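As a plain string of letters, each chain reads:
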2 protein chains.
Amino acid sequence: MAAESMSLLGLEKTSLRQQALAALRRAITTGELAPGTHLVETELSETLQISRGTLREAMRELQQEGLISAGARGRLSVRHLDAKEIRDIFSVRAALESLAACELCALEDRASVIKELRAAIDEMAEAAEDGLEGRIEADLNFHRTMCRLTGNETLLHSWRSLEGNIRMSIMFAGLERAVRNMDVKRHSDIVDALETGDAAKATETIGAHMEGAASVLVG
Amino acid sequence: MAAESMSLLGLEKTSLRQQALAALRRAITTGELAPGTHLVETELSETLQISRGTLREAMRELQQEGLISAGARGRLSVRHLDAKEIRDIFSVRAALESLAACELCALEDRASVIKELRAAIDEMAEAAEDGLEGRIEADLNFHRTMCRLTGNETLLHSWRSLEGNIRMSIMFAGLERAVRNMDVKRHSDIVDALETGDAAKATETIGAHMEGAASVLVG
DNA sequence: AACAGAACAACTGTCAACAGTCGTTCCCGG
DNA sequence: CCGGGAACGACTGTTGACAGTTGTTCTGTT
């Protein structure tokens, strides 16, 4: 059906479920669907032009991702975050990324890892002009890359399941405030620590970074 | 329909989806469904006496939980863990539980927390005669309780999404070997550290516990 | 005017059926 | 004997419809 968006090389036939999942995730994390909004299956399925069954599958994933929460009687609505929850999210995030840093420090050959991370930081710098969304994307990409490079799939998976919540936190605080955390130097410090292989320093840097970030967001 | 299992006080109307979810989770984590088994929707829906749509929703949750993985063409099968993945899982677990310990240590009034944790340990001791499954249940309950008592919902959620994998790891190694990690004293040490409020010592104890546990499992 | 009760409407839970796709088997021509 | 291809079978992707439940509104009675 949808022959659109199929790059010949990256052969990605994406199911309706995945499209719906991506669309909903985006709508929620950009605020298009405001927190607290009741997600009525019949409405949404009509809007997205898919059947309820297909939609429901996507909703289950969103639910487990923490973007939508179940109220009474299976009623689903967009999750609402308060300040404490944001701090909690960033605590867990710090723990995961600290582990990532430790594992990277324990690697024998960190050269290629460092190189890739520096590339990610360069992209952040380039994205500085691209507007707010681009910077956020680049920032998340850096942190996700760090988790991915450990080769610890479970770690990456856990981080990913937090990514939606992180995006919601950013939206909650407002983009202008959030970009204050996207400083290039702060991220360079992390990579510098990784390069020396000093795990303690790396985790400390990340912990400080996250604590600061959470404080900025809940302001 | 199923008026069974409805204690008047604990009003639990459980949907078919949740029942299927629980049944599948149990079947997988007990080895009843061996790793690598292809999960054919039509077969399973017939076995469980539910429709495919309902089953599919449950399968999505299992998938995101990491218990089943998608092969080519949406074909789902029971996930197979190797030694490295088990170590990875326990690394992440250690990171999460260390965070839990830190947050508990930071609490002003830890008395009630300590009390509840000691109660959980007592249950472990009592379960010692109840057979292998009971001991594992009690052990997981202790660690889950620790995460829950932090009040950090995100942390608890992340830990929960790891629980299935932990159970699979235990099954992978075999119950006899796994129960070697269920030592009461090892857990008492953790609570002792928490009681003193020494976060560094608590995280260290947990880290050692997890590393040891992983080693025993992959041994 | 206040209230009980009945029709109504809005949703979610669940199901059975259709459509599309990929691997497999079997047959036929070389 | 062997290779191409056509029919077949086995699944998953997707859909529309039915059933049950809960909140709501409207009406009739006191």
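All residue numbers refer to position in the chain's written sequence, counted from 1. The lettering of chains begins at A and the numbering of ligands begins at 1, in the order of writing. Selection of residues for local features in this predicted model requires a pLDDT of at least 70, selection of side-chain atom pairs for listing and counting requires 80 or more, and totals for whole chains, interfaces and linings are taken over all residues. Side-chain figures throughout are based on the complete set of non-hydrogen atoms in the structure, without hydrogens or water.

J.: I would appreciate a short explanation of the protein's contact with DNA strand D in the present structure.
T.: If a single non-hydrogen atom of a residue is within 4 Å of a molecule or strand, that residue counts as near it. The full set close to DNA strand D counts 20 residues, and Leu16(A), Ser51(A), Arg73(A), Arg52(B) and Arg56(B) are the nearest of them. For DNA strand D, the backbone makes up 62% of the atoms found within 4 Å of the protein, where backbone means sugar plus phosphate. Any pair of N or O atoms that falls within 3.5 Å is considered a polar contact. Within protein, one atom must be able to donate a hydrogen and the other to accept it, and sequence-neighbouring residues count only if both atoms are side-chain atoms. Taking Leu16(A), its main chain carries an N or O atom lying 2.7 Å from a phosphate oxygen of DNA strand D. Glu41(B) is positioned with one of its backbone polar atoms (N or O) 3.0 Å from a phosphate oxygen of DNA strand D. For this scheme, ten residues count as nonpolar: Ala, Val, Leu, Ile, Met, Phe, Trp, Tyr, Cys and Pro. Four count as charged, namely Asp, Glu, Lys and Arg, and the remainder, Gly too, count as polar. Looking at the surface near DNA strand D, its residues break down into four nonpolar, seven polar and nine charged.

J.: In this structure, what is going on with the sheet that holds strand β3 (residues 76-78) of chain B? I would like to understand it.
T.: Hydrogen bonding along the main chain pairs the strands of a sheet, whether they run parallel or antiparallel. Residue and element names in this part refer to chain B. If you walk across this open sheet you meet the three strands as β1-β3-β2, and the pairing is antiparallel. Of all strands in the sheet, those with a lone pairing partner are β1 (38-39) and β2 (68-70), marking the two edges. Any two strands are treated as partners once DSSP identifies two or more bridges connecting them. Under the scheme used here, helices are H or I runs from DSSP no shorter than 4 residues and strands are E runs no shorter than 2 residues, and both carry numbers assigned from the N terminus. The sheet contact formed by β2 and β3 spans three bridges and is antiparallel. Bridging across to β3, Ser-69 finds its partner in Ser-77.

J.: I'm lost on the sheet that holds strand β2 (residues 68-70) of chain A in this one. Help?
T.: Residue and element names in this part refer to chain A. Within the open sheet, the three strands sit side by side as β1-β3-β2. Their pairing is antiparallel. For this open sheet the edge positions go to β1 (38-39) and β2, each flanked by a neighbour on one side alone. Across two bridges, the pairing between β1 and strand β3 (residues 76-78) is antiparallel. Looking at the pairing, His-38 lines up with Ser-77 of β3.

J.: Where do I start with the packing of helix α7 (residues 153-173) of chain A against helix α4 (residues 83-105) of chain B in this structure?
T.: Any two packed helices are characterised by how steeply their axes cross, that is the angle between the axes, and by the distance between the axes. Orientation is described by axes fitted as lines to C-alpha atoms, over the contacting stretch for helices, and by angles from 0 to 180 degrees between their N-to-C directions. The geometry of α7(A) relative to α4(B) is characterised by a closest axis approach of 7 Å and an angle of 45° between their N-to-C directions. Accordingly, the angle class assigned to the pair α7(A) and α4(B) is oblique. On α4(B), the residues touching Glu153(A), Thr154(A), Leu155(A) and Ser158(A) of α7(A) are Glu85(B), Asp88(B), Ile89(B) and Val92(B). Roughly parallel here means an angle under 35 degrees, roughly antiparallel means over 145, roughly perpendicular means 65 to 115, and every remaining angle is called oblique. Contacts are assigned to residue pairs with any non-hydrogen atoms lying within 4.5 Å of each other.

J.: When you look at the domain arrangement of chain A in this model, what are you seeing that I'm missing?
T.: Often, the extent of an interface is quoted as the loss of accessible area on bringing the components together. Residue and element names in this part refer to chain A. When the domains of chain A are assigned, the result is domain 1 (16-78) and domain 2 (83-218). Here the bounds of each domain stem from an automatic or database domain assignment. A C-alpha centroid distance of 27 Å is found between domain 1 and domain 2. Across the contact, nine residues belong to domain 1 and six residues belong to domain 2. Buried area is a sum: the accessible area each of two parts loses on coming together, probed at 1.4 Å, counted once for each and added. Taken together, the two surfaces of domain 1 and domain 2 that pack against each other cover about 600 Å², and 69% of this comes from carbon and sulfur. When the buried area of domain 1 at its contact with domain 2 is split by residue, Thr-29, Glu-65 and Leu-67 rank highest and sum to 62% of it. By definition, a salt bridge exists where a carboxyl oxygen of Asp or Glu is found within 4 Å of a side-chain nitrogen of Lys or Arg. Across the domain 1-domain 2 interface, the total number found is zero salt bridges. Counting the contacts that link domain 1 with domain 2 gives zero residue pairs in polar contact (both at pLDDT 80 or more).

J.: What am I meant to see in unusual backbone geometry here?
T.: Trans is the common state for peptide bonds, and a negative phi is the common state for residues other than glycine. Residue and element names in this part refer to chain A. The phi dihedral of Gln-49 falls on the positive side, at around 65°, and the residue is not glycine. For Gln-49, the location among the structural elements is in the loop between α2 (41-48) and α3 (52-65). Any residue under 20% of the maximum accessible area for its type is buried, any over 50% is exposed, and the rest in between are partly exposed; the area is computed with a 1.4 Å probe on protein chains only. When its relative accessible area of 69% is taken as the criterion, Gln-49 is described as exposed. Positive phi, close to 65°, is recorded for Arg-73, a residue that is not glycine. By the element assignment, Arg-73 lies in the loop between β2 and β3.

J.: Honestly, the interface of chain B and chain A in this entry has me stumped. Any pointers?
T.: If you look at the interface, chain B gives 25 residues, while chain A gives 26 residues. Summed over both partners, the interface of chain B with chain A buries about 2200 Å², with 50% contributed by carbon and sulfur atoms. For the chain B face of the interface with chain A, the top three residues by lost area are Glu57(B), Arg60(B) and Gln64(B), together amounting to 28%. At the boundary of chain B and chain A, one finds four salt bridges. Close ionic contact of Glu57(A) with Arg56(B) constitutes a salt bridge, the shortest N to O distance being 2.8 Å. Among the elements of the structure, α3 (52-65), α4 and α7 (153-173) of chain B are those that each provide at least two residues to the side of chain B that touches chain A. The element best represented in the side of chain B that touches chain A is α4(B), accounting for 10 residues. Looking at the side of chain B that touches chain A, its residues break down into seven nonpolar, seven polar and 11 charged.

J.: What exactly am I supposed to notice about the protein's contact with DNA strand C here?
T.: Around DNA strand C, the structure places 19 residues, and the nearest of them are Arg52(A), Arg56(A), Leu16(B), Ser51(B) and Arg73(B). In the model, a phosphate oxygen of DNA strand C is placed 3.0 Å from a nitrogen or oxygen of the Glu41(A) main chain. Elements with a minimum of two residues in the surface near DNA strand C: α2 and α3 of chain A together with α1 (16-29) and α3 of chain B. Looking at side-chain class alone, the surface near DNA strand C contains four nonpolar, five polar and 10 charged residues.

J.: Would you mind showing me how to read a negative patch on the surface here?
T.: All names here are of chain A. Like-charged residues are merged into a patch within 9 Å and nonpolar side chains (Val, Leu, Ile, Met, Phe, Trp, Tyr) within 5 Å, provided each residue has over 30% relative accessible area and no salt bridge. Surface accessibility follows the Shrake-Rupley procedure with a 1.4 Å probe radius. Residue values consider only the protein chains on display as shielding. Neither His nor the chain ends is counted toward charge; the positive residues are Lys and Arg and the negative residues Asp and Glu. For this purpose, a charge sits on NZ of Lys, CZ of Arg, CG of Asp or CD of Glu. The grouping of Asp-122, Glu-123, Glu-126, Glu-129 and Asp-130 at the surface amounts to a negative patch. Mapped onto the secondary structure, Asp-122 falls in helix α5 (residues 111-127). Classification of Asp-122 as partly exposed rests on a relative accessible area of 46%.

J.: Before we go on, may I ask you to explain the pattern of salt bridges in this structure?
T.: Side chains that carry opposite charge are capable of pairing whenever their charged atoms lie near each other. All told, the structure shown has 34 salt bridges over all chains when counted by the stated rule. In this structure, the salt-bridge partner of Arg167(A) is Glu137(A), at a minimum N-O distance of 2.2 Å. Here Arg167(A) is found in helix α7, whereas its partner Glu137(A) is found in helix α6 (residues 132-149), with 30 residues between them in sequence. Through salt bridges that share partners, Glu41(A), Arg52(A), Arg56(A), Arg60(A) and Glu57(B) make up one connected network.

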